[in-house]
Amino acid sequence: MRLFILTDTDFIHPSEIVYQKVLDIIEVGITSAHLHFYIVGNQVPLAHQDLYTTYGNVTILKEYKAEKLIGEVTNAIVIHFGSTLKGSDQFPHYFIPLSSPHLKQNISWMAKWKQQRAFRKFIKNAVVTFAINDWSIDSLRNQYPALEKSIQEAWLPVSLLPKLEWVDLSETRSELTQGNNYFLSFTPIENFIDTLKEFSLFKKWQQTTMALVFIVENNKQLEEAEQILKGYKFKEDILLKTLSTLKIEWIAAAYTILLDGINFDKTSIIEWAIHYDIPLIFNQNDAQPTSWLKAGEVFLFAEKNALFNHFKLYYKDEMYRQARAKMGKEWLVELTEYRSSNHFIKIPLDLKS
């Protein structure tokens, strides 16, 4: 069976998440001798191409070559994250949403409407739309209630994250923060100033070289954040990056990660952090299911000095930091065991042509 996996999508950033999910699919399906994987994309990074092709039954194809090939074959399946392949309409399509237009920020009404229309079309045209965890299935069914029956939960484990040694993490910190430890923060722009104020208190009282790296959603938010930083006392210890540039190494080298106002599009990042023993701090969030509350420590960031006290606690008490990382690891093990022991569809082993 020829399995075409399309890597292009407008719905999810960073693209690192898509490329990692492709690797997860390959790793799960490698046990099936009758599958051959065609990874389709015009900009698949060389590092990921090398990872994919270590398997003998994987071929990397530019889009135009994939269009030509799929017009010549008689048995194929298409897996995608929100894109199409010309000439593939006669074959079954399986859609795996890793985000949705409802979560897009700072885009025009018209752009969001177009994305939502395309997203609904992907769901309608797919044999099945797969949500790969309970957070995503709850969110998607709430966002698209009329299409609820088309969305099913499936099982796709995180299989092969990069093995990063101490020297790799040290190099990452050198590139990002001149070698200093850092908190990594996914913070909505409307909470940016409050987070800076709490970090200022921490810097004032601890006299530390600790840095704070903000990951903002897009370039517009980046510009807003840059304006806010003008005149900020500790701006030399603040780094701004956009979500589209995020790398797994930044997750793995973080001291602690702050997750504020997130939704299911960040669940891969949560799993990566836990894999690398990075403790997580969550702002209280109605979107976060009960089943994900033990992934990290949850409290209300808006309470006065709450973030300051946690910055200080995680910085001064290494035993506490490690204990919180262990809590996340235990949660992920428990979740993985539950999902692997239940009868969820396994991607790609259970897909039918």
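Residues numbered from 1 in each chain as written. Predicted model: local features only at pLDDT ≥ 70, side-chain atom pairs only at ≥ 80, totals over all residues. Heavy atoms only, no water.

Caption draft 1: Quick look at the pairing of strand β2 (residues 36-40). Counted residue by residue, β2 has four buried out of five residues, so it is predominantly covered. Pairing between strand β1 (residues 2-6) and β2: five bridges, direction parallel. Looking at β2, one finds that Phe4 is bridged to Tyr38. One crossover worth recording links β1 to the parallel β2 by way of helix α1 (residues 15-29), and it is right-handed. For β2 and strand β3 (residues 58-61), the ladder comprises four bridges, and the chain directions are parallel. (Buried < 20%, exposed > 50% of the residue type's maximum accessible area, 1.4 Å probe, protein only. Helix = DSSP H or I, 4+ residues; strand = E, 2+ residues; numbered from the N terminus. Pairing = 2+ DSSP bridges. Right-handed = clockwise from strand over helix to strand, strands pointing away.)

Caption draft 2: Structural detail: the sheet that holds β2. The strand order across the open sheet formed by eight strands is β3-β2-β1-β4-β5-β6-β7-β14, and the pairing between neighbours is parallel. Of all strands in the sheet, those with a lone pairing partner are β3 and β14 (345-346), marking the two edges. As defined by bridge partners, strand β7 (residues 151-155) adjoins β14 across two bridges and the pair is classed as parallel. Bridging across to β14, Ala154 finds its partner in Ile345. Packing of helix α5 (residues 134-143) onto the sheet brings it into contact with β6 (128-131) and β7, and relative to β7 it is tilted by some 170 degrees. (Contact = heavy atoms within 4.5 Å. Axes fitted to C-alpha atoms, helices over the stretch in contact; angles between N-to-C directions.)

Caption draft 3: Molecular detail of helix α3 (residues 63-70). All of the buried residues along α3 are Ala66, Leu69 and Ile70. End-on, the buried residues of α3 take up no more than an arc of 90 degrees, which puts them together on one face. Along α3, exposed side chains directed more than 90 degrees from the buried face belong to Tyr64 and Lys68. (Arc of directions from axis to C-beta.)

Caption draft 4: Looking closely at the packing of helix α7 (residues 192-206) against helix α11 (residues 306-316). At their nearest, the axes of α7 and α11 sit 8 Å apart, and the two run at 45 degrees to each other. The orientation of α7 with respect to α11, classified from their angle, is oblique. Relative to α11, the crossing made by α7 is right-handed. Counting all contacts with α7, which are made through Thr195, Glu198, Phe199, Leu201, Phe202, Trp205 and Gln206, the residues of α11 involved are Ala306, Leu307, Phe308, Phe311, Lys312, Tyr315 and Lys316. The residue inventory of the contact of α7 with α11, partitioned by class, reads nine nonpolar, two polar and three charged. (Parallel < 35°, antiparallel > 145°, perpendicular 65-115°, else oblique. Left-handed = near helix turned anticlockwise from the far one by under 90°. Nonpolar A, V, L, I, M, F, W, Y, C, P; charged D, E, K, R; others polar.)

Caption draft 5: Region of interest: the pattern of salt bridges. Scanning the model with the defined rule gives 10 salt bridges in all. Among the ionic pairs, Glu217 bridges to Lys266, the shortest N-O distance being 3.2 Å. Of the two residues, Glu217 sits in the loop between β9 (211-216) and α8 (219-229) while Lys266 sits in the loop between β11 (256-259) and α10 (267-275), which places them 49 residues apart along the sequence. Here Glu217 falls in the partly exposed class, since its relative accessible area comes to 27%. Taking relative accessible area as the criterion, Lys266 reaches 5% and is therefore assigned buried. With a closest N to O distance of 3.1 Å, Asp277 and Lys329 form a salt bridge. Highlighted residues: Asp277 in the loop between α10 and β12 (280-283) and Lys329 in helix α12 (residues 318-341), separated in sequence by 52 residues. Residue Lys329 is classed as partly exposed on the basis of its relative accessible area of 27%. Three or more residues joined by partner-sharing salt bridges are found here, namely Glu217, Asp265 and Lys266. (Salt bridge = Lys/Arg side-chain N within 4 Å of Asp/Glu carboxyl O.)

Caption draft 6: View of unusual backbone geometry. Cis geometry marks the peptide bond from His13 to Pro14, where omega comes out at 5 degrees. Residues Ile347 and Pro348 are joined by a peptide bond in cis, for which omega reads 5 degrees. Here Pro348 shows up in the segment after β14. A positive phi angle, close to 55 degrees, is found at Gln178, a residue other than glycine.

Caption draft 7: Structural context of the nonpolar core. Among the nonpolar cores identified, the biggest contains 81 residues, and Ile79, Phe186, Ile257 and Ile270 are the most heavily contacted of them. For this core, the element with the most residues is α1, which contributes eight residues. Apart from the residues lying within four places of it in its own chain, the contact partners of Ile257 are Leu184, Phe186, Ile251, Ala273, Ile278, Pro279, Leu280 and Ile281. Core analysis: the second largest hydrophobic core is formed by 27 residues, Phe199, Phe234, Phe301 and Tyr314 among them. (Core = buried A, V, L, I, M, F, W, Y, C linked by side-chain atoms within 4.5 Å.)

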